[in-house]
Amino acid sequence: MREPGESGAQGWTGPPVDFLFIDSSHAREDTLAEFRGWRRHLAKDAFVVFHDYGHPAFPGVAEAIEELRLEGKAIGGAFTVNMQDQPA
């Protein structure tokens with residue numbers, strides 16, 4: 001079994017990742033670390049979904065997305081990002 005989260009990203013030797021679902025501790029720092037750990041492994045047109053976006057108990061998710069300056073769309077409690085739409 002592969003390690004989850006940022007630890008799993010460190011050892012990733014597979015192909016570029018097309019879809020990443022981030023559902024970690026929901027704390028700002030953990031969400032930032034998870035995304036930053038996997039970012040180098042993402043395909044140019046990968047989709048990234050952050051779980052529990054906008055949930056009042058988990059403000060760290062929205063804070064991390066804001067800090068990362070990701071452009072995307074809130075859909076039913078998640079925030080979806082298409083990496084090809086992100087500024088360089």
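First, a word on scope: everything that follows refers to the structure included in this document. In this text the structure is predicted, and so the values were computed from the model without any measurement.

Structural notes on unusual backbone geometry
Trans is the prevailing form of peptide bonds, just as negative phi is the prevailing case for residues other than glycine.
Thought 1: Positive phi is not limited to glycine here, since His 26 has a value of about 75 degrees.
Thought 2: If you trace the backbone, His 26 turns up in the loop between β1 (17-22) and α2 (28-39).
Thought 3: If you check the backbone angles, Arg 69 has positive phi at about 55 degrees while not being a glycine.
Thought 4: Residue placement: Arg 69 occurs in the loop between α3 (59-68) and β3 (73-75).

A short note on the pattern of salt bridges
Thought 1: Within this structure, the stated rule accounts for 3 salt bridges.
Thought 2: Salt-bridge contacts for Glu 29 lead to Arg 28; the nearest nitrogen and oxygen are separated by 2.3 Å.
Thought 3: Of the residues examined, Arg 28 reaches a relative accessible area of 29% and is grouped as partly exposed.
Thought 4: A salt bridge links Glu 67 to Arg 36, with the nearest nitrogen and oxygen atoms 3.5 Å apart. Of this pair, Glu 67 sits in helix α3 while Arg 36 sits in helix α2, and the two are 31 residues apart along the sequence.

Re the nonpolar core
Thought 1: Grouped together as the largest cluster of nonpolar side chains are 20 residues, with contacts concentrated most on Phe 35, Leu 42, Val 48 and Phe 50.
Thought 2: Broken down by secondary-structure element, the contributors of at least two residues to this core are β1, α2, β2 (42-51), α3 and β4 (78-82).
Thought 3: With 5 residues, the top contributor of residues to this core is β2.
Thought 4: The residues touching Val 48, leaving out its near neighbours within four places in the chain, are Leu 20, Ile 22, Phe 35, Leu 42, Phe 79, Thr 80, Val 81 and Met 83.

Quick notes on a nonpolar patch on the surface
Thought 1: A contiguous nonpolar patch, built from Phe 19, Phe 21 and Phe 47 and spanning about 310 Å² of accessible area, is present on the exposed surface.
Thought 2: Looking at where Phe 21 falls in the secondary structure, it is placed in strand β1.
Thought 3: Phe 21 sits in the partly exposed class, given a relative accessible area of 41%.

Examining the side chain of Thr 31
Thought 1: As for its position among the elements, Thr 31 is in helix α2.
Thought 2: Exposure remark for Thr 31: the relative accessible area of 1% places this residue in the buried category.
Thought 3: At a separation of 2.9 Å, a polar atom in the side chain of Thr 31 contacts the main-chain carbonyl oxygen of Ala 27.
Thought 4: With near-sequence residues (within four places) excluded, Thr 31 lies in contact with Ile 22, Ser 24, His 26, Phe 50, Val 61 and Ala 64.

Thresholds, definitions, all that
Residues numbered from 1 in each chain as written. Predicted model: local features only at pLDDT ≥ 70, side-chain atom pairs only at ≥ 80, totals over all residues. Heavy atoms only, no water. Helix = DSSP H or I, 4+ residues; strand = E, 2+ residues; numbered from the N terminus. Salt bridge = Lys/Arg side-chain N within 4 Å of Asp/Glu carboxyl O. Buried < 20%, exposed > 50% of the residue type's maximum accessible area, 1.4 Å probe, protein only. Core = buried A, V, L, I, M, F, W, Y, C linked by side-chain atoms within 4.5 Å. Contact = heavy atoms within 4.5 Å. Patch = residues over 30% accessible without salt bridge, like charges linked within 9 Å, V, L, I, M, F, W, Y side chains within 5 Å. Areas by Shrake-Rupley, 256 points an atom, 1.4 Å probe, with all protein chains shown as cover. Polar contact = N/O pair within 3.5 Å; in protein donor to acceptor, adjacent residues only side chain to side chain.

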